[in-house]
Amino acid sequence: MGEKDIAQKNFESYNDVVADIVNGSLFEGREIIKAESLVDAQPFSQYKAADGILRQQERDVAKYCMDLNCNLRLALVGVENQMVIDLDMPIRVMGYDGVSYRDELNQDEIVVDKSTGRRRKVRGKRYPVITLVLYFGKRPWKKPLCLYDVIDVPDILKPFVNDFKLNLIDVPRLTPEQVKKYKGDFQIIADYFVQLSRHGEYVPLNKSIQHTDSFLKLMSVLTRDKRYAAVLDDLADGQEGVRMCEVLDRVEARGEARGRAAGELAGAEKSRVEMIQNMLKENISIEVVAKVARMTVEQVALIGKKAAIL
C-alpha cells in the first residue's frame, strides 16, 4: 500500500470526516448522516479472477450507517480516492458495490423449527450501498461518469443494459458555494484545491484543524510537499486546533530554512573548489590536494580538468 493510500485511509477513518464528506456531497450540507451512526465495515472482498485464482479487492474506506442505537444497519457508505483519471472507474465501483450486495445475501440464515424440525431460510435485511469517488487531479474529470462512457452500447441494446453512474466529486472543480457545505477538515482541503484551481493562489480559512496529524500527512501526499508532514515535528504531541494559517507559516519557515541551508552548502562547496584550483595552480601534487580536500584523486583531477589546469 502506497504512502498516499495510507494517508487518505487514515484521514477518512474518522467517522466525522466521512459523515461530513457524505453530507456535503450528497445532502447540501444537511446532517443526514451522523458521525455517531457510522461503524467500520470490512473493506475487503474476494473474487475469482480469469486465471481461476481467488483474489482480494479492497475499498479505500467502508462504513456501515446504523440507526443511532446501532441496532439496525441502514446503508453501506464507501469512499474511493483518485489522483488520476481511471477510465474503468465505473466498472471498478460497480464491482465493489456488487460484492457488497452479494454479502447481504450471505447474511441470510437457516433456522430450524424446534417443534417440527423443519429448516427454513430467514431472509436478512437488504440495504443500499453508496460509493463516493473523491478526485483530486489537476485535469477535470469529464469522463467516465457512467458505464456507457466505458463500454460501447449500441442504441438497440441500451434499453436492456443498465447504466451505472458514478457519484464523482471533482474536488478542485467544486464551486466556493459547494465548499461551504462541508463543515470539518475536508472543507479546508477542498477549499485549498478549489482556490489553487481557480486563482492559482491560496488564502487559508480561519478555521481550526480537528485531526491535525492525519490532516497534515494527507496534505503532504496530496500536494507532494513533505513540509506539511514535517510541520508535525514542530507541534506538541496530539496538538489539535491548529489553524491553516499557522501551518502555512511553519511550512514557509521550513522552506526558508532549507533554502538557507542549501545556499550555505553551495557556498562551502564553491570555496572548496576554489581552494583546490588554487592549490593545483601552485603545482601542488594531486595526492596532497585530495588529502587536504578530503576527496579522491579522481575527483580532484576532474575539477582540475574542468578549470583547464590539468
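Residues numbered from 1 in each chain as written. Predicted model: local features only at pLDDT ≥ 70, side-chain atom pairs only at ≥ 80, totals over all residues. Heavy atoms only, no water.

Participant: How should the overall build of the protein be read in this particular structure?
Facilitator: What the protein contains, in helices and strands, is 10 helices and nine strands. Buried residues in the protein amount to 38% of all 310 residues. Long-range contacts, defined here as pairs at least 24 residues apart, represent 56% of the contacts in the protein between residues at least 6 apart. Surface exposure of the protein reaches about 18400 Å², of which carbon and sulfur atoms provide 51%. (Helix = DSSP H or I, 4+ residues; strand = E, 2+ residues; numbered from the N terminus. Buried < 20%, exposed > 50% of the residue type's maximum accessible area, 1.4 Å probe, protein only. Contact = heavy atoms within 4.5 Å. Areas by Shrake-Rupley, 256 points an atom, 1.4 Å probe, with all protein chains shown as cover.)

Participant: Whenever I open this one, the packing of aromatic side chains confuses me. Can you help?
Facilitator: By convention here, two paired aromatic rings are described through the distance between centres and the angle between planes. All told, the structure shown has six aromatic pairs when counted by the stated rule. Aromatic side chains Tyr182 and Phe186 sit 4.9 Å apart centroid to centroid with 75 degrees between the ring planes, which places their arrangement in the edge-to-face category. With a relative accessible area of 2%, Tyr182 lands in the buried category. Ring centres of Tyr192 and Phe193 lie 5.5 Å apart, and the angle between their planes is 80 degrees; on these two criteria the pair is classed as edge-to-face. (Phe/Tyr/Trp six-rings, centres within 6.5 Å; stacked < 30°, edge-to-face > 60°.)

Participant: Whenever I open this one, the sheet that holds strand β9 (residues 167-170) confuses me. Can you help?
Facilitator: Note: strands within a sheet are paired through backbone hydrogen bonds, in either parallel or antiparallel orientation. Taken in spatial order, the five strands line up as β1-β4-β5-β8-β9 in an open sheet, and their pairing is mixed. The strands lining the two open edges of the sheet, one partner per strand, are β1 (38-40) and β9. Each adjacent strand pair in this sheet contributes to an overall mean axis angle of 25 degrees, direction not counted. Note that β1 and strand β4 (residues 61-66) share three bridges and pair antiparallel. Bridging across to β4, Leu38 finds its partner in Cys65. Contacting β1, β4, β5 (73-82), β8 (129-135) and β9, helix α2 (residues 15-26) crosses the sheet at an angle of about 90 degrees to β8. (Pairing = 2+ DSSP bridges. Axes fitted to C-alpha atoms, helices over the stretch in contact; angles between N-to-C directions.)

Participant: Explanation requested: helix α3 (residues 89-105) in the structure shown.
Facilitator: Side chains three or four residues apart in an α-helix point the same way, a direct result of the helix having 3.6 residues per turn. With 17 residues, α3 ought to run about 24 Å at 1.5 Å a step, and its terminal C-alpha atoms sit 25 Å apart, in line with that. Those residues of α3 lying buried are Met89, Pro90, Val93, Tyr96, Asp97, Ser100 and Glu104. End-on, the buried residues of α3 take up no more than an arc of 130 degrees, which puts them together on one face. (Expected span 1.5 Å × (residues − 1). Arc of directions from axis to C-beta.)

Participant: Whenever I open this one, the environment of Lys183 confuses me. Can you help?
Facilitator: Note that Lys183 resides in the loop between α4 (176-179) and α5 (185-199). A residue is classified by how much of its surface remains accessible, and Lys183, at 52% relative accessible area, is exposed. Separated by 159 residues in the primary sequence, Lys183 and Gly24 have C-alpha atoms spaced 7.8 Å apart. Not counting residues within four places of it along the chain, the set of residues in contact with Lys183 comprises Asp20, Gly29 and Lys207.

Participant: How should I be thinking about the pattern of salt bridges in this particular structure?
Facilitator: Any two side chains of opposite charge can pair if their charged atoms end up close together. Enumeration according to the criterion identifies 10 salt bridges in this entry. Residue Asp213 pairs with Lys217 through a salt bridge whose shortest N-O separation is 3.0 Å. Of this pair, Asp213 and Lys217 both sit in helix α6 (residues 212-223), four residues apart, which is roughly one turn of the helix. Two residues, Asp225 and Arg227, come together in a salt bridge whose shortest N-O distance is 2.8 Å. Asp225 gets classed as buried once you look at its relative accessible area, which sits at 15%. (Salt bridge = Lys/Arg side-chain N within 4 Å of Asp/Glu carboxyl O.)

Participant: Just checking my understanding: could you explain the packing of helix α1 (residues 3-11) against α6 for this structure?
Facilitator: The angle between the axes and the distance between the axes are what describe a pair of packed helices. For the pair α1 and α6, the least separation of the axes is 9 Å and the interaxial angle reads 145 degrees. In this structure, α1 meets α6 at a crossing whose hand is left-handed. Taking contact as the criterion, the partners of Glu3, Lys4, Ala7, Gln8, Asn10 and Phe11 in α1 are, on α6, Asp213, Ser214, Phe215, Lys217, Leu218, Val221 and Leu222. A breakdown of the residues in the contact of α1 with α6 according to their chemical character gives six nonpolar, three polar and four charged. (Left-handed = near helix turned anticlockwise from the far one by under 90°. Nonpolar A, V, L, I, M, F, W, Y, C, P; charged D, E, K, R; others polar.)

Participant: What am I meant to see in a nonpolar patch on the surface here?
Facilitator: A cluster of nonpolar residues, Met275, Ile284, Val288 and Val292, forms a patch on the protein surface that exposes about 290 Å² of accessible area. Tracing the sequence through the fold places Met275 in helix α8 (residues 244-281). Of the residues examined, Met275 reaches a relative accessible area of 33% and is grouped as partly exposed. (Patch = residues over 30% accessible without salt bridge, like charges linked within 9 Å, V, L, I, M, F, W, Y side chains within 5 Å.)

Participant: Even after reading the chapter, I still don't get α6, so can you show me in this structure?
Facilitator: With 12 residues, α6 should cover 16 Å at 1.5 Å per step; its first-to-last C-alpha distance of 16 Å lies within 8% of that length. With nine of 12 residues buried, α6 lies mostly within the body of the structure. What α6 keeps buried is the set Thr212, Ser214, Phe215, Leu216, Leu218, Met219, Ser220, Val221 and Leu222. Of the residues flanking the end of α6, it is Arg224, one or two places downstream, whose phi is positive at about 55 degrees.

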